[in-house]
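Coordinate analysis (summary)
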Amino acid sequence: MRNLSGHNVIVNSLSVNDDGVMVSGGDDGTLAFWDYKSAHEFYRTQTQVQPGSLDCEAGIFGSAFDMTGTRLITVETDKTVKMWKEDNEATPETHPLNWKPNILPQRY
């Protein structure tokens, strides 16, 4: 078990695919993408609320990867179900990885 620091709100959902990508969804609509083995957060995004909804309805209630593990399905507070896919145009130059590993990871 590890302590993943990154959210400042309640985390409602965790999903992991076969490639070791873990996604956490928070009450404020934040989706954080982590490497499961190293506990490194490599990407973070904010969901968009449905037009006509309040900003406080941006929470993520649940998430799951599809059978291929490439698409993420989220269930959100604004009564929407959204599908997220990976960016096929992403390269190490457009999405650099700034990772400084913790020498002694803490386990609880």
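Look up: the structure comes first, before these words.
This next bit is on the overall build of the protein chain. Within the protein chain, the regular secondary structure consists of 0 helices and 7 strands. Scanning the protein chain from its N terminus toward the C terminus, one meets helices and strands in the order β-β-β-β-β-β-β. In the protein chain, buried positions account for 31% of the 108 residues. Partitioning the contacts of the protein chain with sequence separation of at least 6, the portion at a separation of at least 24 is 38%. By element, 55% of the accessible surface of the protein chain is carried by carbon and sulfur atoms, the whole surface being about 7800 Å².

This paragraph deals with the pairing of strand 3 (residues 30-35). Counting buried residues along strand 3, 5 of its 6 residues qualify, which places the element largely inside the surrounding structure. Looking at chain direction, strand 2 (residues 21-26) and strand 3 are connected through 5 bridges and run antiparallel. Its bridge partner being in strand 3, Met22 is matched across the sheet by Trp34. Once strand 2 ends, the chain turns through 3 residues before running back antiparallel as strand 3, passing Gly29 with a positive phi of about 85°.

Strands sit in the order 5-6-7 across an open sheet of 3 strands; the sheet is antiparallel. The strands lining the two open edges of the sheet, one partner per strand, are strand 5 (60-65) and strand 7 (81-85). Geometrically, the sheet is characterised by an average inter-axis angle of 25° between neighbouring strands, direction not taken into account. Across 5 bridges, strand 5 lies against strand 6 (residues 71-76) in antiparallel orientation. Bridging across to strand 6, Gly62 finds its partner in Val75.

Our focus in this paragraph is unusual backbone geometry. The phi torsion at Ala39 lies on the positive side, around 65°, for a residue other than glycine. You can see Ala39 is positioned in the loop between strand 3 and strand 4 (40-46). Although it is not a glycine, Lys79 sits at a positive phi angle of roughly 70°. Secondary-structure assignment places Lys79 in the loop between strand 6 and strand 7.

Applying the stated criterion to the full structure yields 3 salt bridges. Taking the shortest distance from any N to any O, the salt bridge between Arg44 and Glu41 comes out at 2.7 Å.

Here we take up the sheet that holds strand 1 (residues 11-16). To summarise the sheet geometry, strands pair through backbone hydrogen bonds and adopt either a parallel or an antiparallel arrangement. Pairing within the open sheet is antiparallel, and its 4 strands lie in the order 1-2-3-4. Each of the sheet's edge strands pairs with one partner strand only, and the pair in question is strand 1 and strand 4. The sheet shows a mean angle of 20° between the axes of neighbouring strands, direction not considered.

Criteria and cut-off values
Residue numbering note: each chain is counted from 1, following its sequence as written. Confidence filtering applies because this is a predicted model: local features only for residues at pLDDT of at least 70, side-chain atom pairs given and counted only at 80 or more, and all residues used for totals across whole chains, interfaces and linings. Only hydrogens and water are removed before side-chain values are computed, so all heavy atoms of the structure are retained for them. Under the DSSP-based scheme used, a helix requires at least four consecutive residues in state H or I and a strand at least two consecutive residues in state E, with every element numbered from the N terminus. Think of it in three bands: residues with accessible area under 20% of the maximum for their type are buried, residues over 50% are exposed, and the middle band is partly exposed, with areas taken using a 1.4 Å probe on protein chains only. It only takes one pair of heavy atoms within 4.5 Å for two residues to be counted as in contact. Residue exposure ignores everything except the shown protein chains as possible cover, and the areas themselves are Shrake-Rupley values with a 1.4 Å probe. At least two bridges found by DSSP between two strands is the condition for calling them paired. Here an axis means a line fitted to C-alpha atoms, over the contact stretch when the element is a helix, while the angle between two N-to-C directions is reported on a 0 to 180 degree scale. The working definition used for a salt bridge is a side-chain nitrogen of Lys or Arg within 4 Å of a carboxyl oxygen of Asp or Glu.

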